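Read off the chains here:
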Amino acid sequence: MPPRRAVGYNCDAVQRGFTGAQPYSCPLPGPRPLGARCFCDVPLASFSAPQPPAPGRVVP
């Protein structure tokens, strides 16, 4: 029986903005393997253009 892989429920992403890189975390809809790539939908600021989803890694 293979060992269970550790899973995480949050995405630790970095949003690149006018003020530099901003750490950003969001909850995932379900468990994902730790360290897997994930994306956070970044909330829109009223003064900025729409941002693409911020890439990150799955964390516990």
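Above this note sits the structure.
Model, not experiment: these values are computed from the prediction.

S.K.: Can you explain the sheet that holds strand β4 (residues 54-59)? Please cite residues and give values.
M.R.: Across the sheet, which stays open at both edges, the four strands sit in the order β2-β1-β4-β3 with antiparallel pairing between neighbours. Two strands lie at the open edges of the sheet, namely β2 (20-33) and β3 (37-40), each paired on one side alone. Adjacent strand axes in the sheet meet at a mean angle of 35°, parallel and antiparallel pairs treated alike. Here strand β1 (residues 7-17) runs beside β2; their pairing, made up of 10 bridges, is antiparallel. The residue bridging Gly17 from the neighbouring strand is Gly20, located in β2.

S.K.: Go over the pairing of β4 with me, naming the residues and quoting the values.
M.R.: Both β1 and β4 contribute to a ladder of four bridges, which runs antiparallel. Looking across to β4, one finds that Cys11 is bridged to Val58. Bridge count between β3 and β4: four bridges; the pairing is antiparallel. Bridging from a neighbouring strand, Arg37 pairs with Arg57 of β4.

The rules behind these values
Residues numbered from 1 in each chain as written. Predicted model: local features only at pLDDT ≥ 70, side-chain atom pairs only at ≥ 80, totals over all residues. Heavy atoms only, no water. Pairing = 2+ DSSP bridges. Helix = DSSP H or I, 4+ residues; strand = E, 2+ residues; numbered from the N terminus. Axes fitted to C-alpha atoms, helices over the stretch in contact; angles between N-to-C directions.

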